[in-house]
Number of protein chains: 2
Amino acid sequence: MEAFRKPPQRSKEINYVACISPASEAVSTKGTLQEPTPTQKAVFEQLASSQDSANHQRGPRFVPARSIPVPSTVSPLLQSAIAAPYRVPAWNADPVDVAGWKALVHNLGAQTATATRELEKHLNITREDVVINGVKAFLLTPPVVSPESKNRLLIHAHGGGYIYNPGEAGVMESVSMAAYSGIKILSVDYRMPPDHPFPAGLDDCMKVWKATAEANDPKKLGLFGSSAGAGMALAMILRVKDEGLPLPAALAIGTPWDDLTETGDTFKTNEWLDNVIVSYNGYLNRAASLYANGRDLKDPYISPIYGDFNHFPPTVLASGTRDLLLSLTVLTHRKLRRANVDAELHVFEGMSHISYVLNPLAPESRELFTEWVKFFDKHLDR
Amino acid sequence: MEAFRKPPQRSKEINYVACISPASEAVSTKGTLQEPTPTQKAVFEQLASSQDSANHQRGPRFVPARSIPVPSTVSPLLQSAIAAPYRVPAWNADPVDVAGWKALVHNLGAQTATATRELEKHLNITREDVVINGVKAFLLTPPVVSPESKNRLLIHAHGGGYIYNPGEAGVMESVSMAAYSGIKILSVDYRMPPDHPFPAGLDDCMKVWKATAEANDPKKLGLFGSSAGAGMALAMILRVKDEGLPLPAALAIGTPWDDLTETGDTFKTNEWLDNVIVSYNGYLNRAASLYANGRDLKDPYISPIYGDFNHFPPTVLASGTRDLLLSLTVLTHRKLRRANVDAELHVFEGMSHISYVLNPLAPESRELFTEWVKFFDKHLDR
């Protein structure tokens with residue numbers, strides 16, 4: 001883990017080759033065509049014929065049941081993540097009442113908090129409980145704050161469908177980011193449903209942003225988050241614009257849940273393939289209902305993809321080819337580009353939703369965080 | 001089609017909002033949760049349970065048979081492309097002999113040439129047959145060459161699995177690019193199998209590059225291509241580096257077939273979903289065999305992803321979420337980034353392989369070409 005302890009290098013000096021293990025580099029061994037056996041050929045031809053029939057008319061695409069191998073094109077650590085069964089009980093949690101939700105959130109949070117503390121220890125990250133403008137938050141400090149970043153700060157909104165990851169369970173992504181960036185992180189422990197639906201969480205994040213942007217030069221501040229955390233960050237920018245507050249210098253958005261309706265092609269194409277969220281009907285629909293609490297799901301403060309992206313700060317986005325929210329990521333990227341925002345997209349082979357948050361030590365996760373760090377380093381003042 | 005006839009604006013002035021039809025913008029109508037009926041809920045729970053069982057062990061991912069709707073998140077023209085049946089006979093062509101291949105290539109080429117001539121007429125593009133250094137090519141001139149591009153030229157390597165699109169059938173992508181860029185295009189009509197396997201086509205492209213780079217300032221030259229054309233362009237750069245020739249100023253790479261072995265997760269995850277290539281076992285395996293003609297498929301001049309990407313020119317890449325070659329696109333992007341190349345990725349909702357080449361008038365295709373134009377405008381000298 002020595003690499004984590006080194007202060008991060010400046011953008012130009014980051015060695016991307018070193019960020020990836022040889023196992024996931026294409027290796028130039030002999031490549032020969034595997035001629036199909038007559039049986040394989042017959043099986044394929046029968047499937048092709050039935051697929052042609054099932055798709056002979058214009059309309060929905062029929063795809064057959066399949067067993068999809070773990071790809072050879074990623075690192076062993078990412079292969080291990082891809083091979084894992086669906087996450088139980090999180091993926092299709094369906095508690096019968098508020099008490100059931102609270103118990104579930106508490107139990108999952110305790111598991112995640114344990115893993116987070118282990119990661120903090122492993123990466124030598126210091127965590128401090130703080131209260132900013134009346135809102136609970138965590139300040140994470142890397143073992144070495146890099147010299148160019150000593151006046152910089154990144155604000156973090158955690159993911160978890162606006163339901164999961166209260167308290168220290170919410171800082172796992174921040175721990176990785178602190179380690180990879182050499183920048184201090186302020187992670188907001190915003191209020192969540194069932195007790196505190198929208199707009200409580202957004203209100204909390206706005207309070208933290210206001211106080212932080214007053215006490216610091218906003219040009220030295222970045223904002224980041226993944227999943228619901230990315231949706232929250234985008235909603236914050238909309239509200240910051242509406243309220244005439246100063247914008248952060250840059251934004252990092254991972255696999256954004258910025259549309260709480262089931263909108264986007266990969267909600268269907270990657271259903272049952274993404275092993276983290278698995279299906280919108282697993283728990284996202286219930287999380288959406290608990291968060292919006294009867295409000296219009298297309299309110300831009302709830303589903304910020306419906307908002308106005310003009311004058312957004314420079315934004316880097318990330319997703320994976322198996323991500324249920326790949327469509328939302330690329331739709332967000334496109335809408336930012338159409339609004340003339342400096343927006344940069346990175347998509348990683350085989351990753352499901354928030355794979356890099358759950359598997360921070362995989363070389364591809366490190367590569368993803370390093371892209372975000374490069375982007376912040378480019379856009380944040382020193 | 002008035003927009004095509006206008007000279008393209010400079011990068012900063014390109015209006016991305018105008019590039020997309022309102023139908024594909026997320027519209028802020030009321031969003032409400034569709035509560036599942038008890039029957040829907042029971043069906044989902046049964047499927048979830050059987051999926052949990054099928055995936056309870058670490059390993060391949062089992063996905064069920066599904067009917068996937070045409071997404072609401074794209075323009076009507078792209079919806080129409082997504083709804084189309086698989087392309088017959090191209091997708092699973094399997095001629096029994098060389099004569100059969102030649103007849104197929106000829107017949108498909110004639111169809112494509114007709115469509116290409118219609119597009120040329122529609123976009124008011126002038127085409128000239130030329131011979132460069134002994135190699136046949138086409139020079140395409142837009143109705144108005146934009147002032148900043150009057151000394152610029154883009155070299156084009158066409159796609160078609162190194163088998164399809166001889167002669168004028170190969171210029172369809174160039175026609176669109178000429179219209180969207182206001183830059184002259186030189187499209188190489190390189191030799192192809194069965195008569196001329198590797199390295200004939202690459203030799204031809206290199207001859208054109210050498211002569212063009214001698215007669216022009218290479219800083220004013222760009223290179224682009226999609227599918228096999230993208231693989232060819234990447235192989236050209238490897239060989240240009242090996243031979244110490246001057247590099248083009250920038251590269252545009254669409255959904256690259258830069259690994260002729262079936263390598264990359266989306267060859268499986270997007271199999272039967274992509275309605276253009278459909279499956280590697282459709283015809284790509286046969287095309288690979290005809291092109292390589294017994295040589296090592298992992299020879300970097302055949303599968304350039306196995307080559308050294310250091311010192312590549314700035315590169316913009318594009319793919320779609322349903323693209324069978326999405327993995328190759330993102331793996332190529334990542335490898336370029338790790339080699340510290342200025343590489344930019346754009347992924348489009350719902351697009352299958354080369355959707356933008358086949359449907360050049362869809363607003364998303366225009367948006368994709370416009371990104372490439374912006375990139376060339378940024379990196380090519382005037």
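Described below are features of the structure shown in this document. Because the structure is a prediction, the values reported are computed rather than measured. (Residues numbered from 1 in each chain as written. Chains lettered and ligands numbered in written order. Predicted model: local features only at pLDDT ≥ 70, side-chain atom pairs only at ≥ 80, totals over all residues. Heavy atoms only, no water.)

## What to know about the interface of chain B and chain A
Stated formally: The contact criterion used is simple: two residues touch if any of their non-hydrogen atoms lie within 4.5 Å. Once two parts are brought into contact, the accessible area they lose, counted with a 1.4 Å probe and summed over both, makes up the buried area. Take a side-chain nitrogen of Lys or Arg and a carboxyl oxygen of Asp or Glu: if they are within 4 Å of each other, that pair is a salt bridge. Counting from the N terminus, the helices are DSSP H or I runs at least four residues long and the strands are E runs at least two residues long. Each pair of strands is called paired provided DSSP finds at least two bridges between the two strands.
Facing 95 residues of chain B, the contacting portion of chain A comprises 95 residues. For the pair chain B and chain A, the two sides together bury roughly 8,200 Å², of which 54% comes from carbon and sulfur. Three residues stand out in chain B for area buried against chain A, namely R61, W272 and R338 of chain B, and they jointly supply 11% of the buried area on that side. Counting across the chain B and chain A interface gives 14 salt bridges. Examining the composition of the side of chain B that touches chain A, we find that nine residues originate from one element, helix α10 (residues 326-338) of chain B, more than from any other. Relative to strand β2 (residues 66-68) of chain B, strand β1 (residues 61-63) of chain A runs antiparallel, the two sharing three bridges. Bridge pairing links R61 of chain A to I68 of chain B in β2 of chain B.

## Concerning helix α5 (residues 172-181) of chain B
Residues and elements named next belong to chain B. The line we're drawing: Summary of the burial criterion: residues with accessible area below 20% of their type's maximum are buried, those above 50% are exposed, and those between are partly exposed, where the area comes from a 1.4 Å probe applied to protein chains only.
Of all the 10 residues making up α5, 10 are buried; the element is thus mostly covered by neighbouring parts of the structure. Buried within α5 we find M172, E173, S174, V175, S176, M177, A178, A179, Y180 and S181. Residue G182 follows α5 closely and has a positive phi angle near 70°.

## Some remarks on the nonpolar core
The test is simple: In these notes, a set of buried Ala, Val, Leu, Ile, Met, Phe, Trp, Tyr and Cys residues joined through side-chain atoms within 4.5 Å is what counts as a nonpolar core.
Core analysis: the biggest nonpolar cluster contains 182 residues, and W257 and W372 of chain A together with W257 of chain B have the highest contact counts within it. Other than its neighbours up to four places away in sequence, W372 of chain A contacts E173, M177, F224, G225, S226, A252, I253, G254, V316, L317, A318 and Y356 of chain A. One finds L140, M177, I185 and L368 of chain B within the second-largest nonpolar core, a separate group that totals 38 residues.

## Some thoughts on the sheet that holds strand β6 (residues 184-188) of chain B
All names here are of chain B. We count it as follows: Orientation is described by lines fitted to C-alpha atoms, with helices fitted over the stretch in contact, and by angles between N-to-C directions that extend from 0 to 180 degrees.
Ordered in space as β3-β4-β6-β5-β7-β8-β9-β10, the eight strands form an open sheet in which the pairing is mixed. Every interior strand has two partners, whereas the edge strands, β3 (126-132) and β10 (343-348), have only one. Strand-to-strand twist in this sheet, taken as the mean axis angle between neighbours without regard to direction, amounts to 20°.

## Overview of the environment of V316 of chain B
Tracing the sequence through the fold places V316 of chain B in strand β9 (residues 315-320). Sequence separation of V316 of chain B and G254 of chain B is 62 residues, and the distance between their C-alpha atoms is 8.3 Å.

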